[in-house]
Amino acid sequence: MTKELRLMQPRLGIQGPVLAWQDPWSGQVSDEIMRTGTGSIYLSQDPPPDGDKFVEALQGLGADFYVHHMMPGLEGHSALLREMTRSGMDVVLGNEYGNINGPWVEGTNRWDVPDEAIVEAARSGRLIGLLYDEPEHLQINAGQYRKDGWYPHWGATDGLSLEASYQQLVKSVSARTDHVRKLAEKQGLNPAQFPLVSEHVFPVMFHAKARAGMDLCPKVMKESFQALQLGTALGAAKQYGRSMWICADLWGPDIGSWFTRTSGFPGHSPEEFASALRMGYLMGPTHLFAENVDVLLHHQVGGFQKTAYGDVWEQFVKDFVPNHPLSWRHHEASPDIVLIHSDDSNYGQNARLYGNRELEPAESTRSVFAVWHLLSHGSIPAHGSCMHIPGYAFPRHELKQRVTPEQYPLLSGCAELPQTSMHNLFDPVNNAVVFDEHVRDEQLGNPNLIIVAGSRLSAWTLAALTRRAEEGAVVIIAAWLAPADRKQSRRYAGGGVWLVTDDFLSDDVREAAAPYLGTGDCWRQRFGEAEIRFYQGDPTGCTLHAEVSGMLK
């Protein structure tokens, strides 16, 4: 493999344990705090390993960085860094445990890695990122962890308009990214070496976080619709020039005859995990990591043993990746379909947009759901953008009722319950990405179909859309976003269309979009000269078959 191709390969990592064993560097402390979002303290299931043996196991799996859950009291921080330095392994510091337990930044439910801990880690030469766990979720659902009041992750938005709520969030995130940048520069460190990374379970606020200076990390699997999640993140990273990481999150809705740490963990089969890793890799991220190591390894007195998931990960890292070198990166996404919508933060909950409890969401904030329903040939629902919406029941809840905490881990699942496949990876979308209402003409690429939804639109984006229709593109725009002098639909001599609608599922919209929607059996994504076509690998769509053109062998 040439040096140039090596530079295109995503860095591969694994996130630390939350149930399996005590943190190797903080020991008992990790059994005394809440380590998951379930609202309970769970004692570790396996005997504690030594730090060097744990890192040796990670490296044996082919990981070249470790995503570490920081202890809110910083216990074990220096010992961790010494081990990373000794072993030559890079580390990402995550804020999840602080978010769950506090202490929180005043007026928020957010825990920031303290300045002194950032500096110590950066000076070790091993720090490559500061991971913010699901900050979009904790902005909207501010009562998830902190119960003593309503404190959204980036600060209060009550009483503001929707656009003002968005601007307040961007301002708050920008203040944090600026703080870390100035801290690094004051210490003679390079802030580009350890970006702030925003990890999303919901496909909202990607554009807001990118605009404010954060790199992006969409979660795949989990409870998301993959083409929607990734198309949104790809567009945000491309528009704002940010790196895109990917987290293959093994928490999920399903149950089966697989190694199980607790209800919903893992909530995806080993076969789905294998397909998800390949899918994520082919998106050309800069980094890809698995959440969590608990599912990949089982620790006993004799040492670590791989589970079926560990075998999947090792095969991916040591076989698939070296035999499929990438010749592209995510920022080369070249869409045939562009969806433009304001980042309204509505994933189907239709409440608390940007954490604002007093704002009544307008119908326009829901319009994006209908567009994705159209783009996916009806596969994605028309009333939300993830599975945390009406109509989805999670089988993991039944497992929670059947099995007590002390019975875990289950080596082969629960024999009394059938395997389920509620979550899948496949939705047939034909090379679509999402830009927000600030996108400029030169950022659009050369799409044939442009659909414009959401609650607001900038003047420069509107001007670009007008030109694109005149030059031959099909532009379908929400009636409430079209200016007074552009309220009438029209066709242009060059084949372009300006279609104004108040219903993205109407017959005229379907007819105009149909030539560009592809087929109902293929999800397609293109990056420069490379094109990936995903097909269902099984009748449920839980696995994928990928065909790639333009990949260098």
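Here is a short report on the structure shown in this document. None of the values given here were measured: they were computed from a predicted structure. Counting restarts for each chain: residues are numbered from 1 in the order of the written sequence. Local features in a predicted model are, by the rule used here, given only for residues with pLDDT of at least 70; side-chain atom pairs are given and counted only at 80 or more, and totals for whole chains, interfaces and linings are based on all residues. As a convention, hydrogens and water are excluded, and side-chain values are obtained from all of the structure's heavy atoms.

1. Here's the deal with the overall build of the protein chain
Right, on to step 1. The helix and strand labels rest on DSSP assignments: H or I over at least four residues marks a helix, E over at least two residues marks a strand, and numbering proceeds from the N terminus. When helices and strands are counted, the protein chain shows 16 helices and 19 strands.
Right, on to step 2. Based on C-alpha atoms, the radius of gyration is set beside the globule rule, defined as 2.2 Å times the residue count to the power 0.38. Against the 2.2 N^0.38 benchmark of 24 Å for 553 residues, the protein chain shows a C-alpha radius of gyration of 23 Å, consistent with a compact globule.
Right, on to step 3. Considered along the principal axes of its C-alpha atoms, the protein chain spans approximately 75 × 50 × 50 Å.
Right, on to step 4. When accessible area is computed with a 1.4 Å probe and restricted to protein chains, residues below 20% of their type maximum are described as buried, those above 50% as exposed, and intermediate ones as partly exposed. A burial count over the protein chain gives 62% of its 553 residues as buried.
Right, on to step 5. Contacts are assigned to residue pairs that have any heavy atoms within 4.5 Å of one another. A separation of at least 24 residues holds for 73% of the contacts in the protein chain among residues at least 6 apart in sequence.
Right, on to step 6. For every accessible area listed, the method is Shrake-Rupley and the probe measures 1.4 Å; residues are considered covered only by the protein chains on display. As presented, the protein chain carries roughly 20000 Å² of accessible surface, and 49% of it is formed by carbon and sulfur atoms.
Right, on to step 7. The positive count covers Lys and Arg only, the negative count covers Asp and Glu only, and His and the chain ends enter neither. Charge positions are represented by NZ for Lys, CZ for Arg, CG for Asp and CD for Glu. Across the protein chain, the 47 positively charged side chains and the 66 negatively charged ones have centroids separated by 5 Å.

2. Focus on the nonpolar core
Right, on to step 1. Within the largest apolar cluster, 158 residues are counted, with the highest numbers of intra-cluster contacts made by Phe-273, Leu-296, Trp-313, Phe-316, Ile-476 and Trp-523.
Right, on to step 2. Aside from chain neighbours lying at most four places away, what touches Phe-316 is Leu-12, Leu-277, Arg-278, Tyr-281, Leu-288, Val-321 and Pro-322. Only buried residues count toward a nonpolar core. Its members are Ala, Val, Leu, Ile, Met, Phe, Trp, Tyr and Cys residues joined through side-chain atoms within 4.5 Å.

3. Some points on the packing of helix α3 (residues 77-87) against helix α5 (residues 115-123)
Right, on to step 1. Angles here are taken between N-to-C directions and fall from 0 to 180 degrees, while the axes themselves are lines fitted to C-alpha atoms, restricted in helices to the stretch in contact. Contact geometry of α3 with α5 gives a least axis separation of 10 Å together with a crossing angle of 15°. With respect to each other, α3 and α5 are oriented roughly parallel. Taken as a pair, α3 and α5 cross one another with a handedness that is right-handed. Side by side, α3 and α5 meet where His-77, Ser-78 and Leu-81 of the first sit next to Ala-117, Glu-120 and Ala-121 of the second.
Right, on to step 2. Each residue gets one of three labels, nonpolar for Ala, Val, Leu, Ile, Met, Phe, Trp, Tyr, Cys and Pro, charged for Asp, Glu, Lys and Arg, and polar for the others, Gly among them. Within the contact of α3 with α5, the residues separate by chemical class into 3 nonpolar, 2 polar and 1 charged. Throughout, the term roughly parallel applies to angles under 35 degrees, roughly antiparallel to angles over 145, roughly perpendicular to angles from 65 to 115, and oblique to all others. Each crossing gets its hand from how the near helix is turned against the far one by less than a right angle, where anticlockwise is left-handed and clockwise is right-handed.

4. Examining the pairing of strand β7 (residues 245-249)
Right, on to step 1. In terms of burial, β7 is largely enclosed, as 5 of its 5 residues are buried.
Right, on to step 2. Burial of the side chains of β7 extends over both faces: Trp-245, Cys-247 and Asp-249 are buried on one face and Ile-246 and Ala-248 on the other.
Right, on to step 3. Sheet topology places strand β6 (residues 215-221) next to β7; 3 bridges connect them, and they run parallel. Note that in β7 the partner of Met-221 across the bridge is Asp-249.
Right, on to step 4. By definition, the crossover connecting two strands over a helix is right-handed if that path, from the first strand to the second, turns clockwise as seen with the strands pointing away from the viewer. Crossover handedness for the path β6 to helix α9 (residues 226-240) to β7: right-handed. Being paired, for any two strands, means DSSP has found at least two bridges between them.

5. A word on the environment of Tyr-354
Right, on to step 1. Mapped onto the fold, Tyr-354 is located in the loop between β11 (337-341) and α13 (367-375).
Right, on to step 2. Excluding anything up to four places from it in sequence, Tyr-354 contacts Gln-139, Ile-140, Thr-157, Leu-162, Ser-165, Tyr-166, Leu-169, Met-205, Ala-208, Asp-343, Asp-344 and Ser-345.

6. Comments concerning the packing of aromatic side chains
When we look at a pair of aromatic rings, we describe it by the centre distance and by the angle of the planes.
Right, on to step 1. The aromatic pairing rule takes the rings of Phe, Tyr and Trp, using the six-membered ring of Trp, and pairs them if the centres are within 6.5 Å, calling planes under 30 degrees apart stacked, those over 60 edge-to-face and the rest tilted. In the structure shown here, the tally under the stated rule is 20 aromatic pairs.
Right, on to step 2. Ring centres 6.1 Å apart and planes at 55° place the aromatic pair Trp-25 and Tyr-66 in the tilted group. Highlighted residues: Trp-25 in the loop between β1 (11-15) and α2 (51-60) and Tyr-66 in strand β2 (residues 65-69), separated in sequence by 41 residues.
Right, on to step 3. Given the relative accessible area of 13%, Trp-25 is considered buried.
Right, on to step 4. Note on Tyr-66: relative accessible area 1%, which makes it buried.
Right, on to step 5. Their ring planes at 40° and their centres at 4.7 Å tell us that Trp-523 and Phe-534 sit as a pair that is tilted. Residue Trp-523 is found in strand β17 (residues 523-527), and its partner Phe-534 is found in strand β18 (residues 530-536); the two are separated by 11 residues along the sequence.

7. Side note on the pairing of strand β12 (residues 432-435)
Right, on to step 1. Where burial is concerned, the two faces of β12 agree: the one with Ala-432 and Val-434 and the one with Val-433 and Phe-435 are both buried.
Right, on to step 2. With 4 bridges connecting them, β11 and β12 associate as parallel partners. Looking at the pairing, Ile-340 lines up with Phe-435 of β12.

8. As for the pattern of salt bridges
Right, on to step 1. Every case where a carboxyl oxygen of Asp or Glu lies within 4 Å of a side-chain nitrogen of Lys or Arg is listed as a salt bridge. In this structure the tally under the stated criterion is 33 salt bridges.
Right, on to step 2. Linking Arg-468 and Asp-441 is a salt bridge whose minimum nitrogen-to-oxygen distance equals 2.8 Å. Highlighted residues: Arg-468 in helix α15 (residues 459-471) and Asp-441 in the loop between β12 and β13 (449-453), separated in sequence by 27 residues.
Right, on to step 3. With relative accessibility at 12%, the residue Arg-468 sits in the buried group.
Right, on to step 4. Relative accessible area serves as the criterion here: at 22%, Asp-441 is assigned to the partly exposed category.
Right, on to step 5. Each member of the salt-bridge network shares a partner with another, and the members are Asp-133, Glu-134, Glu-199, Lys-219, Lys-222, Asp-249 and Glu-291.

9. Observations regarding the sheet that holds β17
Right, on to step 1. The sheet built from 3 strands is open, its strands ordered β17-β18-β19 with antiparallel pairing. Lying at the two open borders of the sheet, with one neighbouring strand each, are β17 and β19 (544-549). Geometrically, the sheet is characterised by an average inter-axis angle of 20° between neighbouring strands, direction not taken into account.
Right, on to step 2. With 5 bridges joining them, β17 and β18 adopt antiparallel strand pairing. From the neighbouring strand, Arg-524 faces β18, where its bridge partner is Arg-533.
Right, on to step 3. Sheet strands in contact with helix α10 (residues 270-282) are β17, β18 and β19, and its direction is about 25° off that of β19.

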